[in-house]
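# Topology and contacts: notes
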Amino acid sequence: MKAQTNALTVIIVGGGMIGLSAALGLRQQGHRVHMVERSGRPTYSEQTELRVSALAHHSRALLQNLGVWQKLPAERLGPYTGMQVWDHDSFGEICFAAAEVDADDLGAIVENRVLEQALWDAAEASGVVMHAEEEVTAHQVDAEHAHVTLNSGQQLHGDYLIAADGARSAIRERAKLPISFWDYEQTGIVAVIETEQPHQGVARQVFLPTGPVAWLPLHDPHHVSLVWSADSDYAQQLLADDDKTFIHQLQAASDQCLGTLQLASQRVGFPLRMQYAQRWLQDRLLIIGDAAHSIHPLAGQGANLGFGDVIDLLAVFEQSPSQRSLRGWERKRKAAALTMITAMEAFKRGFGSANPLLKLVRGVGFKVANSTAPIKRMLVKAALGE
């Protein structure tokens with residue numbers, strides 16, 4: 001990272017992956033950084049964490065530049081070299097391989113808490129001032145400064161305030177930044193699944209009329225992270241089912257792609273909602289990550305969008321940031337988020353129907369894409385985040 005000669009003081013609220021990577025990157029540029037996080041230092045156990053992210057190459061490159069990716073335990077990473085996507089009860093299927101674009105892999109599955117702990121430790125070691133178990137009770141920004149008050153009574157003063165405090169961002173709400181949103185009327189169910197057949201480093205996803213089911217390969221060749229996005233009524237039924245009934249439903253959805261399946265963890269559900277802030281910049285306040293945008297998990301691009309926010313923001317802060325350069329950052333990132341939101345909505349609507357004619361059209365589309373090299377390469381590059 002390029003050292004910053006005109007050091008600024010930046011206050012970041014939210015110690016998740018996106019906030020911590022921004023804090024570490026800004027500190028490595030020479031800025032003074034305060035990190036405010038309502039919880040303490042992230043920790044994880046020997047058990048596989050339920051929340052994972054599929055990181056594209058640009059996200060991994062950022063983490064490598066920050067010196068964090070190299071420190072992650074290999075046994076908690078799941079690089080994947082292939083993808084298989086199909087339409088349930090249809091001939092429609094498409095398969096991607098990293099070798100088709102001369103890449104070693106298409107991305108890597110990482111447990112969120114594992115990455116967050118590594119980022120926290122690196123940020124703290126770099127000199128980021130950590131305000132753990134603290135919340136912002138008030139903030140004020142103007143054209144020149146940013147100020148926050150913490151629940152302990154401490155006041156922080158800086159040049160910029162960055163909100164990375166999630167989809168329910170209190171900073172965004174307090175600033176009255178307007179948002180557009182709609183409820184997907186689906187619930188995401190996550191769990192760790194043990195498979196009879198090895199996953200072979202392939203990420204798999206099937207589209208059902210009630211929503212997509214994804215099996216993401218973990219380091220253990222017989223363990224995958226399940227992300228099942230289902231219409232809310234059906235999802236509540238799945239969460240209420242006993243383990244045997246749940247696995248029976250999952251087995252039917254899997255088309256036996258990984259043999260017999262078993263639960264290797266508890267199941268947890270969370271509501272799915274699209275959200276998009278209409279303004280990401282207000283004087284010296286910026287919002288990034290889920291505070292600015294949240295999308296359907298069917299393509300696993302939520303974290304990658306957030307890391308994209310950080311990459312472009314660090315490029316602005318390498319120089320002396322101005323309202324003009326930050327407006328340019330805002331326009332670029334809003335365009336990227338809107339493109340992804342539109343694509344996810346098209347996928348959800350396009351595959352969320354059991355209409356026989358639509359299934360036929362989808363099947364033909366899959367077959368054409370799978371057998372047409374230029375289209376296939378384009379789709380693989382999209383999977384790589386390029």
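Residues numbered from 1 in each chain as written. Predicted model: local features only at pLDDT ≥ 70, side-chain atom pairs only at ≥ 80, totals over all residues. Heavy atoms only, no water.

### Quick look at unusual backbone geometry
The phi angle at Lys176 is positive, at roughly 60 degrees, despite the residue not being glycine. Within the fold, Lys176 resides in the loop between α4 (170-174) and β13 (179-195). Overall, Lys176 belongs to the exposed group, its relative accessible area being 72%. Backbone geometry at Asp283 places phi at a positive 55 degrees, although glycine is not the residue there. The class of Asp283 is partly exposed, set by a relative accessible area of 34%. (Helix = DSSP H or I, 4+ residues; strand = E, 2+ residues; numbered from the N terminus. Buried < 20%, exposed > 50% of the residue type's maximum accessible area, 1.4 Å probe, protein only.)

### Re the pairing of strand β10 (residues 146-150)
Along β10, the buried face is formed by Ala146, Val148 and Leu150; none of His147 and Thr149, which line the opposite face, is buried. Counted between consecutive antiparallel strands, the loop separating strand β9 (residues 136-141) from β10 contains four residues. Pairing of β10 with strand β11 (residues 155-158) involves four bridges; the strand directions are antiparallel. In the strand pairing of β11, Ala146 is matched with Gly158. As consecutive antiparallel partners, β10 and β11 are separated by four residues, and within that stretch Gly153 has a phi angle of approximately 100 degrees, a positive value. (Pairing = 2+ DSSP bridges.)

### Describing helix α6 (residues 243-254)
In this model, α6 (twelve residues) spans 16 Å end to end at C-alpha, consistent with the 16 Å of a helix rising 1.5 Å per residue. Once α6 finishes, Asp255 follows within two positions and takes phi at roughly 55 degrees, a positive value. (Expected span 1.5 Å × (residues − 1).)

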